[in-house]
Amino acid sequence: MSRPRTPLFGTVNVTTMCNLDCTYCFMQPMAGEYMSASDFARALSELEQSKIFFLNISGGEPFLHPAIGDFLKLAHQKFHHVMTLTNGTCLSSKHIETIDEIIEVHNRFNVQVSLDSIDPIVNSRTRTKSSQAFSNIRKLSSLGANVIVATVVTRHNIDSICRTIEELAGYAKYFHLMTVQDVRLVDGIEADLGVSQLEQDELWREVESLGESLDVRVNTPLNYDGERGCASGAPCMAGFSHIVIDPSLAVRPCDRLVDVVVGSLKNSSLEEIWNSTELHPVLQSELPYCRTH
């Protein structure tokens, strides 16, 4: 497969701040940065020129950014496919009003909310206290937002996954299950939090059947390759079709490669960075770079 001439997917991290401390989070350490309005506009302009197909707005927790409302409005003006990634705990009434406005104007708002279990005690074992996420999922659904629930499968929540899907099926039609992976600066979490292949395979069968009965889509890494693929089961896209822009305008090939900077929009265009030799080690690595370096 040949590499696209420009990125297909772009993620803009508007802040590195987060109010949670999830045990498997690869965004460590958190520097506490906020992207300026001018830098956000610059990042979107570069991505627009590259004609990306899909834009993620992420962090940190994006709803901690004081200007997130304006950022979301601008993103939806410029791109058709926009996804906001959030832990779902920081949505204020003002944020809800902004999302309602975006839906009114553009007839869409895609949001992925991370929640490991509908049981607050189970959820808190990996994601700290985030029970507010369930309430905000209901609010987002009532607005007409397209809600995706993202769950990392661990030994703590594997027995509550089906119940979580059942209770949220009235508010979300898409569920995205991922496995735990060791990545660079967070080593040892697979051994600490992971489940066996047998347990995984049994869960995938259960949720596939459950999804059909509830008329919801449950994405599972059925073809998961722990060595060559990412936690979602997809092939590694780092620097191949995906690019990440941080609050400082540093550019990275993947969210998980937190310490691999291949350029900066402060002194280069995205096209120059995409075609630079800085990406060669990532692209030429036989296994995903995050797993081998």
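See the structure printed just above.
Quick caveat, the model's predicted, so the values are computed rather than measured.

**Q** Explanation requested: the overall build of the protein in the structure shown.
**A** For the protein, the count of helices and strands is 11 helices and 10 strands. Buried positions account for 52% of the 293 residues belonging to the protein. For the protein, restricting intrachain contacts to residue pairs at least 6 apart in sequence, the fraction spanning at least 24 positions comes to 74%.

**Q** Teacher, can you tell me more about the pairing of strand E8 (residues 242-245) here?
**A** Where a strand is regular, its side chains alternate between the two sheet faces. Residues of E8 alternate between two faces, with His242 and Val244 on one and Ile243 and Ile245 on the opposite face, all of them buried. In terms of strand pairing, strand E1 (residues 9-13) meets E8 through four bridges, oriented parallel. What sits directly across from glycine 10, in E8, is isoleucine 243. Here two bridges tie E8 to strand E9 (residues 250-252), and the two strands are oriented antiparallel to one another. In the strand pairing of E9, valine 244 is matched with arginine 252. In this antiparallel pair of consecutive strands, E8 and E9, the connection spans four residues, and leucine 249 shows a positive phi of 75 degrees.

**Q** How should I be thinking about the nonpolar core in this particular structure?
**A** The nonpolar side chains of soluble globular proteins are, as a tendency, buried together. Of all hydrophobic cores here, the largest spans 66 residues; its most connected members are Val12, Phe40, Leu47, Leu55, Ile57, Leu140 and Val147. For valine 147, the residues in contact, after removing those within four places along its chain, are Val111, Val113, Ile137, Leu140, Ser141, Tyr171, Ala172, Lys173 and Tyr174. Val152, Met178, Val180 and Leu193 belong to the second largest nonpolar core, which has nine residues in total.

**Q** Looking at this structure, I do not really get unusual backbone geometry. What am I missing?
**A** Glycine aside, residues mostly have negative phi, and peptide bonds are mostly found in the trans state. A cis amide bond links glycine 59 to the next residue, glycine 60, at an omega of 20 degrees. Within the secondary structure, glycine 60 is located in the loop between strand E2 (54-58) and helix H2 (68-78). Phi at lysine 51 is positive, roughly 60 degrees, even though this residue is not glycine. The exposed category is assigned to lysine 51, whose relative accessible area is 69%.

**Q** Looking at this structure, I do not really get H2. What am I missing?
**A** Since the α-helix packs 3.6 residues into each turn, any two residues three or four apart lie on the same face. The set of residues buried in H2 consists of Ile68, Gly69, Phe71, Leu72, Ala75 and His76. Burial along H2 is one-sided: seen end-on, the buried residues are contained in an arc of 160 degrees. Exposed residues lying more than 90 degrees from the buried face of H2 are Asp70 and Gln77. Those residues of H2 that are buried are in contact with helix H1 (37-49), E2, strand E3 (82-86) and helix H3 (93-106).

**Q** Where do I start with the sheet that holds strand E6 (residues 174-179) in this structure?
**A** Two strands in a sheet stick together by hydrogen bonds in their backbones, pointing the same way (parallel) or opposite ways (antiparallel). Taken together, the 10 strands give an open sheet; going across it, the order is E7-E6-E5-E4-E3-E2-E1-E8-E9-E10, and neighbouring strands pair in mixed fashion. Of all strands in the sheet, those bounded by a partner on one side alone are strand E7 (217-219) and strand E10 (263-264). Across three bridges, E2 lies against E3 in parallel orientation. Residue pairing for E3: asparagine 56 is matched across the bridge by methionine 83.

**Q** When you look at the pairing of E2 in this model, what are you seeing that I'm missing?
**A** Across the five residues of E2, four count as buried, placing the element largely inside the fold. Bridging between E1 and E2 involves five bridges; their strand directions are parallel. Note that in E2 the partner of valine 12 across the bridge is isoleucine 57. For the crossover from E2 across H2 to E3, the handedness is right-handed.

**Q** I would appreciate a short explanation of the packing of aromatic side chains in the present structure.
**A** Scanning all chains against the criterion turns up three aromatic pairs. On the numbers, 6.2 Å between centres and 75 degrees between planes, the contact of phenylalanine 134 with tyrosine 171 is edge-to-face. Taken together, the residues span a long stretch of sequence, with phenylalanine 134 in helix H5 (residues 132-143) and tyrosine 171 in the loop between helix H6 (161-168) and E6 at a distance of 37 residues. Using a relative accessible area of 21% as the deciding quantity, one classes phenylalanine 134 as partly exposed. Lying over the aromatic face of tryptophan 274, arginine 3 brings its terminal NZ or CZ to 3.9 Å of the ring centre. A cation sits over an aromatic face here: arginine 138 above phenylalanine 134, 4.6 Å from the ring centre.

**Q** Explain the side chain of arginine 252 here, please?
**A** Along the chain, the position of arginine 252 falls in strand E9. Reaching out from arginine 252, the side chain makes a polar contact with the backbone oxygen of leucine 257 at a distance of 3.2 Å.

**Q** Whenever I open this one, helix H4 (residues 120-127) confuses me. Can you help?
**A** Of all the positions in H4, only Val122, Asn123, Thr126 and Arg127 are classed as buried. Seen along its axis, H4 keeps its buried residues to an arc of 105 degrees; they face one direction. Looking at the buried positions of H4, the neighbouring elements they touch are strand E4 (110-114) and helix H7 (189-193). With a side-chain oxygen lying 2.9 Å from the backbone nitrogen of isoleucine 121, the N-terminal cap of H4 falls on aspartate 119. After H4 finishes, the residue threonine 128 shows a positive phi value of roughly 55 degrees.

Calculation notes
- Residues numbered from 1 in each chain as written.
- Predicted model: local features only at pLDDT ≥ 70, side-chain atom pairs only at ≥ 80, totals over all residues.
- Heavy atoms only, no water.
- Helix = DSSP H or I, 4+ residues; strand = E, 2+ residues; numbered from the N terminus.
- Buried < 20%, exposed > 50% of the residue type's maximum accessible area, 1.4 Å probe, protein only.
- Contact = heavy atoms within 4.5 Å.
- Pairing = 2+ DSSP bridges.
- Core = buried A, V, L, I, M, F, W, Y, C linked by side-chain atoms within 4.5 Å.
- Arc of directions from axis to C-beta.
- Right-handed = clockwise from strand over helix to strand, strands pointing away.
- Phe/Tyr/Trp six-rings, centres within 6.5 Å; stacked < 30°, edge-to-face > 60°.
- Lys NZ or Arg CZ within 6 Å of the ring centre and 35° of its normal.
- Polar contact = N/O pair within 3.5 Å; in protein donor to acceptor, adjacent residues only side chain to side chain.

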